[in-house]
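# Tertiary structure, described
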Amino acid sequence: MLDKIAIIDFNRTIFDPDNNGLMPGALDLLCFLKNKKMIIYLLSNAKSENVIQRSNLIKSLGIKDFFEKIFIKDGKSLDDFQLIMKLNKNLDLQSSWVIGDRVKREIILANKCGLKTIWFKNGKFATEAPTLIDEEPDFTVYSLEEILVLIK
């Protein structure tokens, strides 16, 4: 059986920093992905001095156990996505997803790795439109609930 993974961005994708809580539909999305037997990874951008604080926040939100591994990095890179892919030797690229709110970060990096992409066009970076072909997402959603019908 091939591995199906989901790499999810933290800030402004499943966590709303303006309200200091989960985005509407975040818990439903995580439960849905778990029920689909997907291996879920969290990728969070945080300065090195804020890693422990970010880790504690994820734990306090009650979502830590949904994730196979949580990566808290000072900036996301292609290497981060490639590392996650290497953790899954039998990766099914056609059934593996990256969900993020930035076309110039998560979407472009995931596209370069051949993963399926979902741009959560919401909040602060909703106007950050793709300008390069690698920034074009496979799907654009305006709520996390929309993802439930995209992932088979």
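The following paragraphs examine the structure supplied in this document.

Quick notes on the rules
Residue positions are given per chain, counted from 1 along the sequence in the order it is written. Only residues with pLDDT of at least 70 get local features here, since the model is predicted, and only at 80 or more are side-chain atom pairs given and counted; chain-wide, interface and lining totals rely on the full set of residues. The side-chain numbers reported here are obtained from all heavy atoms of the structure, hydrogens and water having been left aside. A run of DSSP states H or I qualifies as a helix once it reaches four residues; a run of E qualifies as a strand once it reaches two. Both are numbered from the N-terminal end. Each residue's exposure class comes from its accessible area (1.4 Å probe, protein chains only) as a fraction of the maximum for that residue type: buried when under 20%, exposed when over 50%, partly exposed otherwise. What makes two residues a contact is simply this: any of their non-hydrogen atoms within 4.5 Å. Accessible surface is estimated by sampling points in the Shrake-Rupley manner with a 1.4 Å probe; for residues, cover comes only from the protein chains shown. Asp and Glu are treated as the negative residues and Lys and Arg as the positive ones, with His and the ends of the chain left uncounted. Charge coordinates come from a single atom per side chain, which is NZ of Lys, CZ of Arg, CG of Asp or CD of Glu. Strand pairing requires that DSSP identify at least two bridges connecting the strands. Between N-to-C directions, angles span 0 to 180 degrees; the directions come from axes that are lines fitted to C-alpha atoms, helices contributing only their stretch in contact. Any two rings among Phe, Tyr and Trp, with Trp reduced to its six-membered ring, count as a pair given centres within 6.5 Å; such a pair is stacked if its planes are under 30 degrees apart, edge-to-face if over 60, and tilted if neither. Whether a charge lies above a ring is judged from NZ of Lys or CZ of Arg, which has to be within 6 Å of the ring centre and within 35 degrees of the ring normal. Buried Ala, Val, Leu, Ile, Met, Phe, Trp, Tyr and Cys residues that are joined via side-chain atoms within 4.5 Å together make up what is termed a nonpolar core. Along the arc lie the directions from the helix axis toward the C-beta atoms.

Helix and strand counts for the protein chain stand at five helices and eight strands. The secondary structure elements of the protein chain, listed N-terminal to C-terminal, are β-β-β-α-β-α-β-α-β-α-β-β-α. Dimensions of the protein chain, computed from C-alpha atoms along their principal axes, come out at roughly 35 × 35 × 30 Å. Residues counted as buried form 47% of the 152 residues belonging to the protein chain. Of the contacts formed within the protein chain by residues at least 6 apart in sequence, a portion of 65% connects residues at least 24 apart. When the accessible area of the protein chain is evaluated, it comes to approximately 7,900 Å², of which 50% is carbon and sulfur surface. Where the 22 positive side-chain charges of the protein chain centre and where its 21 negative ones centre are 3 Å apart.

This next bit is on the sheet that holds strand 6 (residues 97-100). Strand order in the open sheet made by the six strands is 5-4-1-6-7-8, with parallel pairing throughout. Two strands lie at the open edges of the sheet, namely strand 5 (69-73) and strand 8 (139-141), each paired on one side alone. Pairwise comparison of adjacent strand axes, ignoring direction, gives a mean angle of 20° for this sheet. Of the pairings in the sheet, the one linking strand 7 (residues 116-120) to strand 8 comprises three bridges and is parallel in character.

Within the structure shown, the criterion is met by three aromatic pairs. The interplanar angle of 40° and the centroid separation of 6.4 Å between the aromatic rings of Y41 and F71 together place this pair among those described as tilted. Of this pair, Y41 sits in strand 4 (residues 39-45) while F71 sits in strand 5, and the two are 30 residues apart along the sequence. With relative accessibility at 2%, the residue Y41 sits in the buried group. Of the residues examined, F71 reaches a relative accessible area of 8% and is grouped as buried. R102 extends its terminal NZ or CZ atom over the ring of F125, reaching a point 3.8 Å from the ring centre.

With that settled, the discussion passes to the nonpolar core. Core analysis: the biggest nonpolar cluster contains 28 residues, and I14, L33, I63, F67, I147 and I151 have the highest contact counts within it. Put simply, the parts of the chain that give this core at least two residues each are strand 1 (5-9), helix 1 (26-35), strand 4, strand 6 and strand 7. Ignoring any residue separated from it by four or fewer positions in sequence, one finds F67 in contact with I14, L30, I40, Y41 and L42. Formed by 16 residues, the second largest nonpolar core is a distinct cluster that contains I39, M85, L91 and I108.

In this section: helix 3 (residues 78-86). Turning to helix 3, its buried residues are D80, F81, I84 and M85. Relative to the axis of helix 3, the buried residues are bounded by an arc of 135° and lie together on one face. Exposed side of helix 3, more than 90 degrees from the buried face: D79 and K86 are the residues found there. The elements touched by buried residues of helix 3 are strand 1, strand 4, strand 5, strand 6 and helix 4 (103-113).

The subject of this paragraph is the pairing of strand 6. Two faces belong to every sheet, and in a regular strand the side chains alternate between them. Side chains of strand 6 alternate between two faces, with W97 and I99 and V98 and G100 buried alike. In terms of strand pairing, strand 1 meets strand 6 through three bridges, oriented parallel. If you follow A6 over to strand 6, its bridge partner there is W97. Here four bridges tie strand 6 to strand 7, and the two strands are oriented parallel to one another. Along strand 7, the bridge assignment pairs I99 with I118.

Geometry only, nothing functional implied.
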